[in-house]
Amino acid sequence: MMHPTVLLSGVVKRYGEVQAIKDISFALNEGETVALVGHNGAGKTTLIKLMLGLIRPSAGSIKVMGEDPSSGDFSVRQRLGYLPESVAFHMALTGRETLAFYARLKRVSPSNSMDLLERVGLGAAAADRPVRTYSKGMRQRLGLAQALLGEPRLLLLDEPTSGLDPALRRRFYDLLSELRAKGTTILLSSHALTELEDRADRVLIVNDGVAIADGTLDDLRALARLPTRVSVRFRHGANIRSPKSVAVAWKPTAPETFEFEVAMEDKITLLKEVTANPDDVVMLHVNEPSLDDLYAHFLNAGRARV
Ligand code: ATP
């Protein structure tokens, strides 16, 4: 039987009076990339700390690669990579020395450190410079290289792309795709919803310590039943008439251009009608609800699980 990499069952975490996590259960499976999203203070960092074994749950159980992460002999720690939200390094050490230091802490071989630095785009020149001379993006990449020490089977990344420019972000996600192909389980906590959209297999939305949605983007779209937005521009002089096949509000936005919102189940019928004379259509945009839209929807709607 295949065991999930991470399994949380009925987890509660209290900090004194504050109940940061209120009965959360989920599994993270091998090779899965899961986006963990939620407002500030929703409980994301607390969940990550629980999976790392840095704090213990007040109730419920947590298994990471089959073991309790908060037990003293958590032997799978070496196979776990963590990138904290703000990475703080010793400024006098070079990138290479920093990785050697973390490799010792993690009790893994530092032999592939240079390879890791190359993979995150910190070449030999940068590797031998003290971290104090690094830009914010370079420090973030060094943090990622540190998280990749020991070929982790589970990567917990807290706001990993903050401070990275668009080209570096793309490179970062390419690296994640490679790891995912090798079966690494990746949890990405982020506020950058747009960039997560095509990258996460699954989205877990937490709000006020509760998991309010958990599923693939398509699952969440099916649950939310938000309309698809369609924008169409017709050829000048085309015989334009509002659609008859389904009832939609048809809104002119520019000469010969219309926008409408259509329910999921009516989308194909409507598109067929609108494009019945293909030569008359000069532009057609079909926008499915974005992760931003879904996030706002579930925050308003409360709990939804698939
Ligand atoms: P952000 O997006 O701002 O990083 P988050 O989703 O990571 O937020 P957490 O840091 O997990 O949120 O915090 C969840 C709740 O628990 C918040 O109300 C926070 O104030 C509270 N909290 C977190 N750590 C502690 C602590 N050590 N003592 C008391 N309360 C805490």
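For the structure, see preceding data.
So, how was this worked out
Every chain begins its residue count from 1, and numbering advances along the sequence as written. This being a predicted model, a pLDDT of at least 70 is required before a residue's local features are given, and a value of 80 or more before pairs of side-chain atoms are given or counted; all residues contribute to the totals for chains, interfaces and linings. Hydrogens and water are ignored here; the side-chain numbers use all heavy atoms of the structure. Type-normalised accessible area, obtained with a 1.4 Å probe on protein chains alone, sets the label of each residue: buried when under 20%, exposed when over 50%, and partly exposed for intermediate values. The numbering of helices and of strands both runs from the N terminus, where a helix is a DSSP run of H or I of at least 4 residues and a strand a run of E of at least 2. Any two strands are treated as partners once DSSP identifies two or more bridges connecting them.

Participant: Even after reading the chapter, I still don't get the pairing of strand β8 (residues 202-207), so can you show me in this structure?
Facilitator: Strand residues, when the strand is regular, have side chains that alternate between the two faces of the sheet. The buried fraction of β8 amounts to five of the six residues, a majority that puts the element mostly inside the structure. As paired elements, strand β3 (residues 33-37) and β8 share four bridges and run parallel to each other. Bridge assignment links A35 to a residue of β8, and that residue is V203. The pairing of β8 with strand β9 (residues 210-215) spans five bridges and is classified as antiparallel. Directly across from I205, in β9, lies its bridge partner A213. The antiparallel pairing of β8 with β9 creates a hairpin that spans two residues between the two strands, and D208 there sits at a positive phi of about 50°.

Participant: I would appreciate a short explanation of unusual backbone geometry in the present structure.
Facilitator: Most peptide bonds take the trans configuration, and most residues that are not glycine carry a negative phi. Positive phi outside glycine occurs at M65, with the angle close to 50°. Within the secondary structure, M65 sits in the loop between β4 (59-64) and β5 (80-83). For M65, a relative accessible area of 13% corresponds to the buried category. Residues other than glycine seldom take positive phi values, yet E256 does so here, at roughly 65°. On the accessibility criterion, E256 (25% relative accessible area) is partly exposed.

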